[in-house]
Each structure stands twice: as structure tokens, then as C-alpha cells.
Amino acid sequence: MADVSNLDAFVEFERVQKSYDGENLVVKDLNLSMPKGEFLTMLGPSGSGKTTCLMMLAGFETATHGDIRLGGTSINNIPPHKRGIGMVFQNYALFPHMTIAENLSFPLEVRKMGKTDREVKVMRALDMVEMGAFGGRRPSQLSGGQQQRIALARALVFEPELVLMDEPLGALDKQLREKMQFEITHLAHRLGITVVYVTHDQTEALTMSDRVAVFEDGRIQQLDPPDKLYEEPQNSFVAQFIGENNTLEGVVKEIKGGTALVQLDNGDLIDAKPVNVSKAGERTRVSIRPERVEFNKDRMPEGAHTLKAEVMEFIYMGDIFRTRLRVAGKDDFFVKTRNAPDQERLVPGQEIEIGWLADDCRALDA
Amino acid sequence: MSDTTQSGPVLAADGTPLKRSLSRALRRQKIRALMLIAPLLLFVLVTFILPIGDMLFRSVENQIVSETLPRTVVALKSWDATSGETPDEAVYAALAIDLKMAAEAKLHTRVGSRLNYEKPGISSLFRKAGRQVKKWDVENDGPYKARFLDLHKGWGDPDVWSTIQTYSPKFTNGYFLNSADMKKGADGPEWRPEDEQIYWLLLKRTMFMSMAITLSCIALAYPVAWILANLPARTSNMLMILVLLPFWTSLLVRTSAWKVMLQQQGVINDTLVWLGLVGDDARLAMINNQFGTIVTMTHILLPFMILPMYSVMKTIQPTYLRAAKSLGATNWTAFWRVYFPQSVPGIGAGSILVFILSIGYYITPELVGGTKGVFISNRIAYHISTSLNWGLAAALGAILLALVLILYWAYDKIVGIDNVKLG
Ligand SMILES: Nc1ncnc2c1ncn2[C@@H]1O[C@H](COP(=O)(O)OP(=O)(O)O)[C@@H](O)[C@H]1O
Ligand SMILES: [Mg+2]
């Protein structure tokens, strides 16, 4: 191996910056290291620089500063067609003047592969996405989901070790999207390929990935496996962006024995787990997941901290109930409860006590 | 639901069959659509369809002989043109009556000119005879054969009579034969003598030069359209103004400017002489020939090639090229295998436009074409305004029209007309 320092890293971004106009940095100081076979998702709101990162990796944009390495060698000066990276585009970019089989055969032809080999590989790739019967059709004769499969097959047919996907499921309806999410992850794991996947859909990111990089403002805010990302957000952006979240604002009174005492803006005091607050007097935003909030006295966890709340609205959603509460002067506090036979259905106007474990309540940056 | 289970036609809510009420609703829509396009339809009918129809009619119409000389035409029917003898007295008598009436109505010179297209010299026969016959008493001034021969010995030439006979039917293919450098002989069509042949040459030249103009337009327009389509919108809009600039200056000015550029004492020759590339005594002839016509018309028609190409290329997303490269294609392969095929509809649309415009182009070849660079359209213009042989002009026009339609058909067969995109 060329790189002895980090045998594990297959894809590496080191201190990468990118500016299009020479004034604003679209990507600011990106550091990322992926082992072979990982499924990594870049998740972030629109305009946060995800596509730019992907394009730099694919070679269609050059990094303004920093180093991008693939398998230990810097690829900054290697043109896209020599990088051997498979790519699935958001609008699929299937060549409209070629049939499906010709589309798939294209990367093999430019690699000067013989005709019989090509046919075998094309057929195998088509079978892999269950589209064996469609080789003779044109892309325009396929549905969105079918085009998606072909785009995937085309990116895989020349057996790249790294595949990039830029919001590949963005144009599909919900059901199809869920089915394809499942298929893509299975295929990726079965073939053992490394995938960098871009999406702005957090559910997609959580369900598909080994690790998720949350992007905002040209930086990675947090890079963690889905469960850690959801349960232990490192800052309030991540907490807000991933899943549903209740926030309460206040000031840290004191930090003692791994708990922070926070005085909310209406004067109430609560315990919270200090995540990125370090001393008394700092403003903070505490975040609690709606499903970790309890209001049933019998089930209130041991040592839970309680606050008064007024029920504003009860929303029946089938599998769950969402209840909107007024807590600490704010009326956008939600509680999620499972639709179970013994579950209490709250009524608007009702006065209740809510509580949670201090560990579930994270004091983040303001 | 009950509607679908009962037998018989499906009924609408008011009990009428669904099909009928649907077609009634559609009919109202159709009438409204028709009314919206009615003004244009009328305009096109009056300014386009009718003139073309009239032109096609004129190219075969030949009623003037049978209408002006009705008796003569009937009397000539039994005459055998191959006998080499003049017709008998009855024909001359009929001619006397016809000519007298024609002369009184001042129509004799027109039939003379018409027949003159086919046999030069006839018009003066008719002009002179008409003047004299007016004074005759056609009832009892015979015998007319002798009197006509007295007027002009041309009336004793069997060729004159055979021309009248040949062109006496109401319709003729004579103009078309003429357009193809042929004429009606005693036994069917025959070629005109070599030195009278011109249209075939002109047609070939028109086709060849239009092709050359189209090809040079493609070569020049493709890179320009590509740049326009791939630049950021603001820059490309500004460059687009430069492309459209020629439309804002007079065609005559642009053509004359090329004269200044290309003539022997012109800018380009001066520069070449100054650079020592050509001698002062060997200045290049670049105007009043085919070269000048091709250069000038390429310049004038270039926007018609750029615009359709641009609008097609604008729709080709850059991700196609990126996809090709990510699949391992070099820049050239990506362009040639992925971009170029998708831009072909633009080339097709531009080529059809430029080719059709150039085979009918008139002003520019007239001004810079000299004798070697004129198109068939210049000949048509000549027949319309100078020789006044409208029938021949119409036949040439009809041939040009047929040619365009054939090319259009061929294009449809080879490339497919639904591949043509103008935007
Ligand atoms: N080719 C480009 N030229 C200039 N600015 C660009 C270009 N592509 C993207 N940007 C800008 O860079 C920022 C990040 O864009 P992008 O990477 O596409 O974000 P994302 O994919 O996360 O939505 C955006 O503000 C966008 O306007
Ligand atoms: Mg994007």
C-alpha cells in the first residue's frame, strides 16, 4: 500500500476548501476519511455544499485548497474519466439517443472491452437491477423508477470501487423511494462497494447509511452513525435537522457532576446534560426528543424532572399521537406517544405535568 | 356506476348518449380554436396558397392562342405539320377573321409575344399582319393565303404554322420543357441546341452553391452555438445580440460591404498585397464569382443556422457530458458519442432553413454573383420583370418548389422531420 499512515482510509478529504467566485467559500475546511466498503451519506439542507464535494471527488470541480485522496494517492490532477468512479446523477443523465443496453455498454466500450464480454456484463448488470427485459428500450420509454435502476446499473457495470450518488431518489414518489433505498443499500453491501451518497432527506440518510455527515454552511457539523447522530446530536443545528425536536432556551446556572442546571427564560429550572456548554452564565438551547417526554405519572422515569404544561392540540396520526403543548411560555412543544390500548388521549385545555430524564435533555449551543 | 352496468350506450346526466354530448362539447372547442386562427388562415390563403396555386397554374396554362385565334386553331387541326407544306386557304381565311377581331381588341401582339417564346420572330409577323388585316373586309377580300404571303413571306413557313398548332391546346408542358432545356419537336420533346441550354446548368449550380453555403454555415455556426449554449446566461445574452446584429442592418448594406472587402482594389486584396502574399498584378478575384457569393451568403444566413442549433444545444444538459466522462469517456469521446448526436436535430433544422433560403435567394447573387455566381432565382426574376415570360418563370418556380419538397421528404426519411427542433 502506498499510504502506510492510514491503511484504513480509502477516500480522504484533507483541509479541502472550495470557492466558485473567489469571494465566498462554499466548502470550508472539509476533513473526511472513509474506509473501503463504507456507505457514507452527506446530509444537509439545499445549498450547503454537498454536490460541490461530490463533484470535487468525481473530478468535475477542482478544490481551491486542500487534498483529496483515493486509495492513498492524491487525485487532484487526475481527469474525471481516469478516476474510475461510478456516478449516479439526480436526473439520471441516461443518454436519450441510446437504448438501455447501449447506455450500459458505453463505459465498457470506452474501456475497449470486446463485444461478447460487453454483452455478458450488460446482461448481468441489467439482471442485477431486475431490468433484464428492457435492454432494447429507450430511456424515455421507462418510468422514473426504472430509469433510476438503469442509472444505478450503468454506474456499476464497469465495476468501480467507489460510487457517488447525488440525490438519486429525489424525483421518485415516497413508496418507490423507500423500495429503492432498500435495494441500493443491499446492492452496495452485496458488491462491497464504497458509496458516497448525497441527500437532503434525513430519513433516507438514517435508514441507508453506515455513517452520516451532516453538512451546513460548507462544514461537516457532525459525522456519526445514524443512531449516535439521532440520540447524541453535537449541536443545535444537528438536533434540529435530524428528526423532530423540542427546544427550550435559557442560561446555564451551574454545571456539577455531569449535569447542568439551566434556568429557562420564564424562570423555570431544569436539569440537562451539558454537551457544548462549559461554564455557568452561558446561553444554551436544550433539546428533547418528543418521544422521550412522559406525562403519565405512573410511567414517569425515576428522578425525572417535571415542568407544567397545557395541552393545546391533539393530533391523531394512526400509529402515533402527536400532542402540542404550551411549555415555558412557548406553544410549539410536541409530545409523541404510541397508539396503545392503555394510552391516554389528552384533551386541549388540560393541565398536565411533563417530565424526562436529564440524559435525554441535551444542553447545546444557543 | 349504474351507467356502466346497463347495456347500450353510456348516457350523460341529462340522458343524451355520452359520446354525443362529448363530441358536442369538443365541437365548441374546435370552433373556438378555428376562430382564433381564422385571420391568419385567411392571410396565408390570400398571400401564400393562392399565389402558389396561381403560379402552378400559369406554368401549364396556354389559353391565349386558342382564345385569340379560335377559328384558326379549329381549321389547323386537320393540317399535317410533317407534310412540309403550308396549310390550305381555309386556314388563312380563319386567321384573317381571328386576327381582325384580335387587332380591333388590340390582342394580336400578345399572342405574338407568347408564340415568340417558342419561335423567335413570330411576334413581328403578328404585329405587322394585325396592322394590315384591320383594314381588310374579311367577308370578300380573299383569297387570303396570297394576301398573307404578300404581307410577309414568313406566313408561308410551315414552321410558323406548326408552332401555332403545337401551342393551340389550352394547356401545355412547353414551359416545363423549356425549363429543362428542351423543346417540343415534331416527334416529342427534344433537347435544345447546346448553346441555348442554360437552366440545367443554373439548377446544378444553385444546388451546389446552396450546399456549399449550408456546409460552411454548419462549420462556422456549430462552435458559436456551443459557446452560446454553455456560457452563463448574462454573457450568452450579450453575445446573442452580436449574432442577431446582422438582422438590424440592411441586407443591401451588408452585401455592399462585402463588395468593398472582396473586390480587387478592396480591403482584403490590399492587405494581401501589402503583406506581400500576392503580387500587385495578381490580385485575387474574390467577388462577382461563386466564391464571393458563397462568402457573402454564408455571412448573411449564418444566424439562421446559429439560432436553431443554439436552442437545441440549450436543452442538452451538461450532466450528459459529465455522466459520459464519469463512465470513462475522454473529452472527445464524450462529445462525439453523447453530445453531438443530441445536437443533430439543431444541425438538421438549421440546414433545412439555410438550404431552402439559399436556393431561392436572389438579391445577393444578383449583386455579388457576376455571371458565374447567379442562381436560378435570378433567372426567374429576369423572366418576371424583363422578358415578361411569366409562364416560364412559373415553371422554374414550380421546379424549385418541387425540389424543396423532395429534399424535405428525403430529410424526413433519413433523419426524421420530428427530430427538427427550432426551440
Ligand atoms: N457552478 C457553480 N458556480 C457558482 N456557484 C455555485 C456553483 N455550483 C454551486 N454553487 C453554489 O455553491 C453553494 C453550494 O451548492 P451545492 O454544492 O450545489 O449545494 P447542495 O448540493 O448541498 O444543495 C450554493 O450556494 C450554490 O449557489
Ligand atoms: Mg445538490
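What you see as residue numbers is a count from 1 along each chain, following the sequence as written. Chains and ligands are labelled by the order in which they are written, letters from A for the one and numbers from 1 for the other. Per-residue local features are limited, in this predicted model, to residues with pLDDT of at least 70; the limit for side-chain atom pairs, both in listing and counting, is 80 or more; totals at the level of whole chains, interfaces and linings are taken over all residues. To obtain the side-chain values, all non-hydrogen atoms of the structure were included, while hydrogens and water were left out.

Student: For the pairing of strand β1 (residues 9–19) of chain A, give the residues involved together with the corresponding values.
Tutor: Residues and elements named next belong to chain A. The buried label goes to any residue with under 20% of its type's maximum accessible area, the exposed label to any with over 50%, and the partly exposed label to all in between, with areas taken from a 1.4 Å probe on protein chains only. Helix numbers and strand numbers start at the N terminus; a helix is a DSSP run of H or I with at least 4 residues, a strand a run of E with at least 2. Within β1, 8 of the 11 residues are buried, which leaves it mostly tucked inside the rest of the structure. Think of it this way: DSSP has to see at least two bridges between two strands before they count as a pair. The pairing of β1 with strand β2 (residues 25–35) spans 7 bridges and is classified as antiparallel. From the neighbouring strand, V11 faces β2, where its bridge partner is M34. Counting the residues in the hairpin turn of β1 and β2 gives 5 residues, including G22, whose phi is positive at 80 degrees. Judged from the 5 bridges that link them, β1 and strand β4 (residues 65–70) form a sheet pairing that is antiparallel. Bridge assignment links E12 to a residue of β4, and that residue is R69.

Student: Which residues make up the interface of chain A and chain B, and what values go with them?
Tutor: Taken together, the contact between chain A and chain B spans 22 residues of the former and 17 residues of the latter. Each partner contributes to the roughly 1,800 Å² buried at the junction of chain A and chain B, and carbon and sulfur atoms together form 66% of this total. Note on definitions: buried area is the accessible-area loss of two parts on being combined, 1.4 Å probe, summed for both. Looking at the side of chain A facing chain B, the largest losses of area belong to A:F60, A:H81 and A:F106, adding up to 30% of the total buried there. Salt bridges, as used here, are contacts in which a Lys or Arg side-chain nitrogen is within 4 Å of a carboxyl oxygen on Asp or Glu. One can count 2 salt bridges joining chain A with chain B. Between B:R322 and A:E61 there is a salt bridge whose closest N-O contact spans 3.5 Å. Distance and chemistry together define a polar contact, namely a pair of N or O atoms within 3.5 Å, with one atom able to donate a hydrogen and the other to accept it when in protein, and with adjacent residues in sequence counting only for side-chain atoms on both sides. Summed over the shared surface of chain A and chain B, the number is 5 residue pairs in polar contact (both at pLDDT 80 or more). Take the side of chain A that touches chain B: its biggest share by element is 3 residues, from helix α2 (residues 100–109) of chain A. Residue polarity follows a fixed list, in which Ala, Val, Leu, Ile, Met, Phe, Trp, Tyr, Cys and Pro are nonpolar, Asp, Glu, Lys and Arg are charged, and the others, Gly among them, are polar. Classifying every residue of the side of chain A that touches chain B by side-chain character gives 15 nonpolar, 3 polar and 4 charged. Two residues form a contact once any of their heavy atoms are found within 4.5 Å.

Student: How would you sum up the site of ligand 1? Please name residues and give values.
Tutor: All names here are of chain A. Being near a molecule or strand, for a residue, comes down to having at least one heavy atom within 4 Å of it. In the vicinity of ligand 1, the contacting residues are Y20, V26, P45, S46, G47, S48, G49, K50, T51 and T52. All accessible-area figures derive from a Shrake-Rupley calculation using a 1.4 Å probe, and residue coverage is judged against the displayed protein chains alone. Within the complex, 56% of the 560 Å² of free accessible area of ligand 1 lies under protein. It is helix α1 (residues 50–58) that contributes the most residues to the shell around ligand 1, 3 residues altogether.

Student: An account of the sheet that holds β4(A) is requested, with residue identities and associated values reported.
Tutor: Residues and elements named next belong to chain A. On the basis of which strands lie adjacent, the open sheet formed by 4 strands has the order β2-β1-β4-β5 and antiparallel pairing. One side of each edge strand has no neighbouring strand; the edge strands of this open sheet are β2 and β5 (73–74). Interaxial angles span 0 to 180 degrees and are taken between N-to-C directions of axes, which are lines fitted to C-alpha atoms, for helices over the stretch in contact. On the sheet, α1 packs against β1, β2 and β4 and is oriented at approximately 120 degrees with respect to β1.

Student: Outline a nonpolar patch on the surface, supporting the account with residue identities and numerical values.
Tutor: Residues enter patches when their relative accessible area tops 30% and they take part in no salt bridge; the joining distance is 9 Å for like charges and 5 Å for the nonpolar side chains Val, Leu, Ile, Met, Phe, Trp and Tyr. On the surface, B:L40, B:L42, B:F43, B:V44, B:L45, B:V46, B:F48, B:I49 and B:L50 cluster together to form a nonpolar patch covering roughly 870 Å² of accessible area. The exposure class assigned to B:L50 is partly exposed, which follows from its relative accessible area of 49%.

Student: Account for the sheet that holds strand β3 (residues 39–43) of chain A, with residues named and values stated.
Tutor: All names here are of chain A. Judged by pairing direction, the sheet is mixed, and its 6 strands sit side by side in the order β6-β7-β8-β3-β9-β10 without closing on themselves. A strand with exactly one partner marks an edge of an open sheet, and here the two such strands are β6 (85–88) and β10 (219–224). The mean angle between the axes of side-by-side strands here comes to 20 degrees, regardless of whether they run parallel or antiparallel. Across 5 bridges, strand β9 (residues 211–216) lies against β10 in antiparallel orientation. Within the sheet, the bridge partner assigned to A213 lies in β10 and is L223. In this fold helix α4 (residues 144–156) packs onto β6 and β7 (162–166), with an angle of close to 170 degrees to the strand it touches most, β6.

Student: Before we move on, could you go through the packing of aromatic side chains and cite the residues and values that matter?
Tutor: Stacked, edge-to-face and tilted are the three classes for Phe, Tyr and Trp ring pairs, Trp counted by its six-membered ring, which pair at centre distances within 6.5 Å; planes under 30 degrees apart are stacked, over 60 edge-to-face, the rest tilted. Per the stated rule, a full pass over the model turns up 24 aromatic pairs over all chains. Ring plane angle 20 degrees and centroid distance 6.1 Å describe the contact between A:F333 and A:W356, whose orientation is recorded as stacked. Residue A:F333 is found in strand β17 (residues 330–338), and its partner A:W356 is found in strand β18 (residues 351–356); the two are separated by 23 residues along the sequence. A:W356 matches A:F333 in its accessibility class, with the two residues each being buried. Each ring, one from B:F335 and one from B:F340, has its centre 6.2 Å from the other, and the planes form 55 degrees; the classification is tilted. Just above the ring of A:Y20 sits the side chain of A:K18; from NZ or CZ to the centre is 5.0 Å. Should the NZ of a Lys or the CZ of an Arg lie within 6 Å of a ring centre and within 35 degrees of the ring normal, that charge is described as sitting over the ring. Above the ring of A:F95, the side-chain terminus of A:R154 is found at 4.5 Å from the ring centroid.

Student: Outline the nonpolar core, supporting the account with residue identities and numerical values.
Tutor: By size, the foremost hydrophobic cluster in this structure holds 103 residues, and its most contacted members are A:L57, A:F95, A:F106, A:L162 and A:L164. Per-element accounting of this core gives the leading share, 10 residues, to helix α15 (residues 290–314) of chain B. Sequence-distant contacts of A:L164, defined by excluding residues within four places in its chain, comprise A:L54, A:L57, A:A58, A:I85, A:G86, A:M87, A:V88 and A:V196. Definition of nonpolar core: a set of buried residues of the types Ala, Val, Leu, Ile, Met, Phe, Trp, Tyr and Cys, connected through side-chain atoms within 4.5 Å. By size, the runner-up hydrophobic cluster in this structure holds 26 residues, among which are B:L76, B:Y92, B:A96 and B:L99.

Student: Go over the side chain of A:E294 with me, naming the residues and quoting the values.
Tutor: Residues and elements named next belong to chain A. Inspection of the secondary structure assignment puts E294 in the loop between β14 (283–288) and β15 (305–316). Charge counting treats Lys and Arg as positive and Asp and Glu as negative, with His and both chain ends excluded. Buried within the structure, E294 lacks any salt-bridge partner; R299 is the closest side chain of opposite charge, at an N-O distance of 4.8 Å. Apart from residues lying up to four places away in sequence, E294 is in contact with R299, M300, P301, E353, I354 and G355.

Student: How would you explain the pattern of salt bridges if you had to name every residue and give the values?
Tutor: Enumeration over the complete set of coordinates arrives at 35 salt bridges over all chains. Between A:R283 and A:D265 there is a salt bridge, with its nearest N and O atoms 3.1 Å apart. Residue A:R283 is located in strand β14, and its partner A:D265 is located in the loop between β12 (259–264) and β13 (269–274); the two are separated by 18 residues in the primary sequence. A salt bridge links B:D54 to B:R58, with the shortest nitrogen-to-oxygen separation between them at 3.1 Å.

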